[in-house]
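# Commentary on secondary and tertiary structure
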Amino acid sequence: MLRIRLSRHGRVHRPFYRVVLTEHTKPVKSGYQEVLGWYDPIKHTQDIDVEAIKNWILKGAKPSTRVAKLAYKVTNDDFFKKYYVEKDIKRAKKKED
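Our subject in this report is the structure included herewith. Per chain, residue numbering runs from 1 following the sequence as it is written. pLDDT decides what is reported in this predicted model: residues at 70 or higher carry local features, side-chain atom pairs at 80 or more are listed and counted, and totals for whole chains, interfaces and linings draw on all residues regardless. By convention in this description, side-chain values take in all heavy atoms of the structure and omit both hydrogens and water.

## Re the packing of aromatic side chains
- Think of it this way: a Phe, Tyr or Trp ring, Trp meaning its six-membered ring, pairs with another when their centres are within 6.5 Å, and the plane angle makes it stacked under 30 degrees, edge-to-face over 60, tilted otherwise. The tally for this structure, following the rule as stated, stands at five aromatic pairs.
- Ring centres of Phe79 and Phe80 lie 5.3 Å apart, and the angle between their planes is 85 degrees; on these two criteria the pair is classed as edge-to-face. Taken as a pair, Phe79 and Phe80 share a single burial class, namely buried.
- Here a set of aromatic residues connected by ring pairs shows up, and it is made of Phe79, Phe80 and Tyr83.
- The rule is short: NZ of Lys or CZ of Arg within 6 Å of the ring centre and within 35 degrees of the ring normal puts a charge over the ring. Lying across the ring of Trp56, Lys59 places its NZ or CZ 4.7 Å from the centre. Think of it in three bands: with a 1.4 Å probe and only protein chains considered, a residue is buried below 20% of the maximum accessible area for its type, exposed above 50%, and partly exposed in between.

## So, the environment of Phe79
- Secondary structure is summarised from DSSP: a helix means a run of H or I of at least four residues, a strand means a run of E of at least two, and numbering begins at the N terminus for each. With respect to the element layout, Phe79 can be found in helix 3 (residues 78-81).
- When near neighbours in sequence (up to four residues on either side) are disregarded, Phe79 contacts Lys54, Ile57 and Leu58. The contact criterion used is simple: two residues touch if any of their non-hydrogen atoms lie within 4.5 Å.

## Re the pattern of salt bridges
- A carboxyl oxygen of Asp or Glu within 4 Å of a side-chain nitrogen of Lys or Arg is what we treat as a salt bridge. Taken as a whole, this structure holds one salt bridge when the rule is applied.
- A salt bridge links Asp77 to Lys54, with the shortest nitrogen-to-oxygen separation between them at 2.6 Å. Pair noted here: Asp77 is in the loop between helix 2 (65-75) and helix 3 and Lys54 is in helix 1 (residues 50-58), with a separation of 23 residues, a long-range link.

Remember that the coordinates give geometry; whether it matters functionally is a separate question.
What follows is the structure, encoded as structure tokens:
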């Protein structure tokens, strides 16, 4: 089964990710079929080929949660929202003495 996931590149303390299409059994850094974009978490910038990702999903590939969130952030298309779950963060109230 094909997966669309992030592949880490860069150097120590300077991560840089490529959005890649790969077989789900392969290691993250080896042998991908196609590069679909990139993401820089330090600068919060990305360049993702959303049309290609949609095309591969329609053909049967599954995106990772992070890739689905990035694609949704770029397009605000509900097509990607079904591949991840938004969690409401509930914080405990501080006890007052």
